Amino acid sequence: MKNIPLILMGCGGVGRQLLEHIVSCRSLHSTQGLCLRVVGVGDSKSLVVSDDLLNKGLDDSFLLQLCRVKSAGESLSKLCDFGECRAFGHPESEGKILEIASQLGRKTGLVLVDCSASFDTVVVLKQAIDMGCCAVLANKKPLTSSMEDFKKLFMYPRHIRHESTVGAGLPVIASLNRIICSGDPVHQIIGSLSGTLGYVMSEVEDGKPLSQVVKDAKSLGYTEPDPRDDLGGMDVARKALILARILGHQINLDSIKIESLYPKEMGPDIMTVEDFLDRGLSLLDKDIQARVEKAASNGNVLRYVCVIEGSRHLFLSSLHIVCEVGIQELPKNSPLGRLRGSDNVLEIYTRCYSKQPLVIQGAGAGNDTTAAGVLADIVDVQDLFS
Ligand SMILES: NC(=O)C1=CN([C@@H]2O[C@H](COP(=O)(O)OP(=O)(O)OC[C@H]3O[C@@H](n4cnc5c(N)ncnc54)[C@H](OP(=O)(O)O)[C@@H]3O)[C@@H](O)[C@H]2O)C=CC1
Ligand SMILES: N[C@@H](CC=O)C(=O)O
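Residues numbered from 1 in each chain as written. Chains lettered and ligands numbered in written order. Predicted model: local features only at pLDDT ≥ 70, side-chain atom pairs only at ≥ 80, totals over all residues.

### A look at the packing of helix 1 (residues 13-24) against helix 3 (residues 60-71)
Using the following cut-off: Between N-to-C directions, angles cover 0 to 180 degrees, with each direction set by a line fitted to C-alpha atoms, over the stretch in contact for helices. Helix and strand definitions here come from DSSP, where helices need a minimum of 4 consecutive H or I residues and strands a minimum of 2 consecutive E residues; each element is numbered from the N-terminal end. For this classification, under 35 degrees means roughly parallel, over 145 means roughly antiparallel, 65 to 115 means roughly perpendicular, and everything else is oblique. Crossings are classed by handedness, with left-handed meaning an anticlockwise turn of the near helix from the far one by less than a right angle and right-handed meaning a clockwise turn. With C-beta atoms placed from the backbone, a contact is any residue pair whose C-beta atoms sit within 7 Å. Ten residue types, Ala, Val, Leu, Ile, Met, Phe, Trp, Tyr, Cys and Pro, are classed as nonpolar, four, Asp, Glu, Lys and Arg, as charged, and the remainder, Gly among them, as polar.
Orientation of helix 1 relative to helix 3, taken along the N-to-C sense of each, is 155 degrees, at an axis distance of 10 Å. Put simply, helix 1 runs roughly antiparallel to helix 3. The hand of the helix 1/helix 3 crossing is left-handed. Within the contact between the two elements, helix 1 uses Arg 16, Leu 19, Glu 20 and Val 23 and helix 3 uses Asp 60, Leu 63, Leu 64, Leu 66, Cys 67, Lys 70 and Ser 71. For the contact of helix 1 with helix 3, the residue count by class is six nonpolar, one polar and four charged.

### Structural notes on the sheet that holds strand 1 (residues 2-9)
Applicable threshold: DSSP bridges decide pairing: two strands pair if at least two such bridges lie between them.
The strand order across the open sheet built from seven strands is 4-3-2-1-5-6-7, with neighbouring strands paired in mixed fashion. The sheet terminates laterally at strand 4 (85-89) and strand 7 (160-161), the two strands that pair on one side only. Along the sheet face, helix 5 (residues 121-130) touches strand 1, strand 5 (111-114) and strand 6 (134-137) and points at about 160 degrees away from the line of strand 5.

### Focus: the environment of Pro 171
Looking at the element boundaries, Pro 171 is found in the loop between strand 7 and helix 7 (172-181). As for Pro 171 and Ile 360, which are separated by 189 residues in sequence, their C-alpha atoms are 7.6 Å apart. Apart from residues lying up to four places away in sequence, Pro 171 is in contact with Glu 163 and Ile 360.

### Brief notes about the packing of helix 8 (residues 195-205) against helix 9 (residues 210-219)
It is at 9 Å that the axes of helix 8 and helix 9 come closest, and there the two elements cross at 140 degrees. Here helix 8 lies oblique to helix 9, going by the angle between them. You can see that helix 8 and helix 9 cross each other, and the crossing is right-handed. In this structure, helix 8 contributes Thr 196, Tyr 199, Val 200, Glu 203 and Val 204 to the contact, and helix 9 contributes Leu 210, Val 213, Val 214 and Ala 217.

### Focus: the domain arrangement of the chain
Let me state the cut-off plainly: These domain boundaries are the output of an automatic or database domain assignment.
Splitting the chain by domain gives domain 1 (2-168 + 369-385) and domain 2 (176-364). A straight line from the C-alpha centre of domain 1 to that of domain 2 covers 28 Å. If you look at the interface, domain 1 gives twelve residues, while domain 2 gives 19 residues. Class assignment of the residues belonging to the side of domain 1 that touches domain 2 gives a composition of six nonpolar, five polar and one charged.

### Here we look at the confidence of the model for the chain
Reading predicted coordinates in detail is not appropriate for stretches of low pLDDT. This is how the line gets drawn: Note: pLDDT gives the predictor's confidence per residue, expressed from 0 to 100.
When pLDDT is averaged along the chain, the result is 94, and 97% of the positions lie at 70 or above. Of the regions scoring below 50 in pLDDT, residues 313-317 engages in three contacts with residues more than four places distant in sequence or in other chains. Interface scoring of the predicted complex returns ipTM 0.99; its pTM is 0.96.

### Things to note about the site of ligand 2
Heads up, the rule is: Nearness here has a simple definition: the residue's C-beta atom, placed using the backbone, must lie within 6 Å of the molecule or strand.
What surrounds ligand 2 is the set Ala 168, Ser 194, Gly 195, Thr 196, Tyr 222, Thr 223, Glu 224, Asp 230, Asp 235, Gly 364 and Ala 365. In the shell around ligand 2, the residues fall into three nonpolar, five polar and three charged.

### Re the site of ligand 1
Ligand 1 sits among 31 residues. The nearest are Gly 10, Gly 12, Asp 43, Ser 44 and Ser 116. Looking at the shell around ligand 1, the elements with two or more residues in it are helix 1 and helix 14 (367-381). Among the elements that take part in the shell around ligand 1, helix 1 stands out by supplying three residues, more than any other. Taken together, the residues of the shell around ligand 1 sort by class into ten nonpolar, 16 polar and five charged. Mapping the shell around ligand 1 onto the domain boundaries places at least three of its residues in each of domain 1 (2-168 + 369-385) and domain 2 (176-364).

### Here we look at unusual backbone geometry
The residue after His 90, namely Pro 91, is reached through a cis peptide bond having omega 5 degrees. Of note, the phi angle at Ala 168 is positive, near 50 degrees, even though the residue is not glycine. Looking at the secondary structure, you find Ala 168 in the loop between strand 7 and helix 7.

### Structural notes on the pairing of strand 2 (residues 34-42)
Note that strand 1 and strand 2 share eight bridges and pair parallel. Its bridge partner lying in strand 2, Leu 6 is registered against Val 38. The pairing of strand 2 with strand 3 (residues 46-50) spans three bridges and is antiparallel. Residue Gly 42 lies in a different strand from strand 3, and its bridge partner there is Leu 47. Counting the residues between successive antiparallel strands, the hairpin from strand 2 to strand 3 contains three residues.

Put into structure tokens, the structure is as follows:
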């Protein structure tokens, strides 16, 4: 039996669903000769680790109890009442993760799984990579900070997987990497890459107010912890940046043209998330409804679209890129116009896929599909250590 040890950073909607998937896949994985051993789980305040992490992980009943504790909004440290673990607060938790990384990294390929929505994890991830660990991310932030961090995380490209950062569980990154490895140049990527904005646009089209459907999207697990990341286009811009960087473009977020659906006066520096949801959102209802109706009068619909166009600059022999995300009015009967709900669609144009693009489509948000993508990445990255 091959043991796959892992530490989970972040046990919100996606992280908890991942733990439930791991537990429910036990017999499937054992028929594949695999055993996923969760040796530690952390949130923004604490980390719990197995008290015998060299030999066993946290057991399944403990992991399910952990999910219940976190769903009830309680602290991870409460779990010490159930035995078999030790709890660490911040900042010692980071040091503890690195201590485990140095013990298990090179020997086992310990996987650090980032299901947080924080920038802070990048520090630990970079050091753990140096210690021979693997990294699996649903969190886009470590891959969309500086180019230097991005390069560091990809220092050993086969040690990192991040399928769920774009299109949730859809095989977007894997497909793009296969195209790149085969030397097939990518000319253009067009897509609708936000489950939240896809859902919002199609529900508003059906006559529901924006303020209601954003709250629904949040309770369905589609939005970022702060839904303004979705409505402001930043979440889609991060996805676009990840795709552009994979294509070899050394750009930052400030190279991307981003259209926001809310004004600066409703930004995070001015309003709390709760205020935005309670008071701010309803002020946006009329404007978006008017835009949807205007599009409908032309036989069109609104979609939030990401466009990436790359070409080699002939004279400077450098890569030139156009990267923008924003609302477009599109025919109702076009591939993007036909999208409903939280589905994403991505069209990739390359030399091999020039007239008809390669099209990837399906559910693009939600805890279930995102956690499934993370789980598949954990198993995939560990094939290195057979
Ligand atoms: N939902 C979806 O459809 C998709 C989500 N994703 C990505 O998955 C990630 C998780 O999303 P979701 O589960 O909805 O978010 P949640 O807000 O529900 O959960 C985030 C978790 O991260 C924890 N956390 C915050 N900071 C740190 C830190 N420094 N170290 C460790 N843990 C930390 C939080 O702790 P605490 O509990 O203490 O607050 C919380 O448990 C996000 O990055 C999101 O972009 C990607 C694709 C699709
Ligand atoms: N908030 C995101 C979740 C996946 O990345 C979305 O709505 O697409």
